[in-house]
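Summary of structural features
What follows is the residue order along each chain.
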Amino acid sequence: MTDLGKRLGVMYDRDWAPEGLPDFARAVEALGVDDLWVVEDLEWAGSIASAATALAATGELRVGIGIAPAPLRNPALLAMELAALARMFPGRLTAGVGHGVREWMVKVGVAPRSPLALLEETVTAVRGLLRGEQVSVDGREVHLDAVRLVHPPAVVPPVVAGVVRPRSLELAGRVADGAIIAEGNGPADLASALGHLDKGRQDDAGRTLTVFTFLCVEDDPARLAAAVGPVLAGQGEWLGRPVEQVFAATGPAGDAAARVRELWAAGADTVVLRAVGPEPLRQVEAAVAALRASRPA
């Protein structure tokens, strides 16, 4: 964990060229950031290859997968991939799994009949396999017959669910190690999400909450609006809310840092910055410096 009191992560955006990932990961680690998160969206880069690259390029950085769509990933194969990474880089991996964007899943012929059942069965099976258990599932979507990993990891990586809606958040509380909340969600949304996580929880184990948030460090209001305005409008449309209700860490570095602290105060264990606009590494550096300058005495 950084000296900021809570975990801070940075996303390697899906639109950035894959070959730039190693240098970016090393630069982020040099800034003292805790996490680097890689993306798996259809037609962009694969998350397992990206995670392996980032882990190999760095020495201590934790790498998060945000997120692997369950319909694209057979749980046995996903567990094999995660176990290999966890054995080679113990304690440095977090695996996010989600429903996947339905339109994309339809596009490649893997849309499930029941997204909720698929996610629950996948997360449950993957976590069992990573613990070294023999797993059999005859569910609505997943079917495994006495599968056991030959090389389970000694340090089991957390498996978290990238979800949005209340029933999926309850599912995350019930079967996952935590949840990932998408960009645009603010403190009030986090309070609601934590309530749903707790409602689903069936044991005393803690559940982590990771929050992605847009970052745009810019002093000039016109340049700020030009850089981040279209992104926030698109996210607002996806979330089904007016653009002014889309939460983001934007503006001068001090303002952006204050927004990150709002998310931590609302219950986020990790805030992951998704830089928008020019010079993303400069923006991250400025935000980290402002967070350090504003940390409690």
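Above this text is the structure in question.
Report on the accompanying structure. (Residues numbered from 1 in each chain as written. Predicted model: local features only at pLDDT ≥ 70, side-chain atom pairs only at ≥ 80, totals over all residues. Heavy atoms only, no water.)

1. What about the pairing of strand E3 (residues 62-69)?
Burial analysis of E3 places eight of its eight residues in the buried class, which makes it a mostly covered element. Of the pairings in the sheet, the one linking strand E2 (residues 35-38) to E3 comprises four bridges and is parallel in character. Residue Trp37 lies in a different strand from E3, and its bridge partner there is Gly64. Handedness of the E2-helix H2 (residues 47-57)-E3 crossover: right-handed. Inspection of the sheet shows E3 paired to strand E4 (residues 93-98) by five bridges, in the parallel sense. Directly across from Val63, in E4, lies its bridge partner Leu93. Where the polypeptide runs from E3 across helix H3 (residues 75-88) and back to E4, its parallel neighbour, the crossover connection is right-handed. (Buried < 20%, exposed > 50% of the residue type's maximum accessible area, 1.4 Å probe, protein only. Helix = DSSP H or I, 4+ residues; strand = E, 2+ residues; numbered from the N terminus. Pairing = 2+ DSSP bridges. Right-handed = clockwise from strand over helix to strand, strands pointing away.)

2. Examining the pairing of E4
Among the six residues that make up E4, six are buried, leaving the element largely enclosed by the rest of the structure. Of the two faces of E4, the one carrying Leu93, Ala95 and Val97 and the one carrying Thr94, Gly96 and Gly98 are both buried. Where E4 meets strand E7 (residues 159-162), four bridges bridge the pair, whose relative direction is parallel. Residue pairing in the sheet places Val97 in a bridge with Ala161 of E7.

3. Regarding the side chain of Ser114
Residue placement: Ser114 occurs in the loop between helix H4 (102-107) and helix H5 (115-130). Using a relative accessible area of 10% as the deciding quantity, one classes Ser114 as buried. Only 3.2 Å separates the side chain of Ser114 from the backbone nitrogen of Ala117, close enough to count as a polar contact. Beyond its immediate stretch of four places on either side in the chain, Ser114 contacts Arg140 and Glu141. (Polar contact = N/O pair within 3.5 Å; in protein donor to acceptor, adjacent residues only side chain to side chain. Contact = heavy atoms within 4.5 Å.)

4. Overview of unusual backbone geometry
Residue Gly66 is joined to Ile67 through a cis peptide bond whose omega torsion reads 0 degrees. Within the fold, Ile67 resides in strand E3. Positive phi values are uncommon outside glycine, yet Glu43 reaches one of about 85 degrees. Its place among the elements puts Glu43 in the loop between E2 and H2. Residue class for Glu43 comes out exposed when judged on its relative accessible area of 61%. A positive phi angle, near 55 degrees, is found at Ala146, a position not held by glycine.

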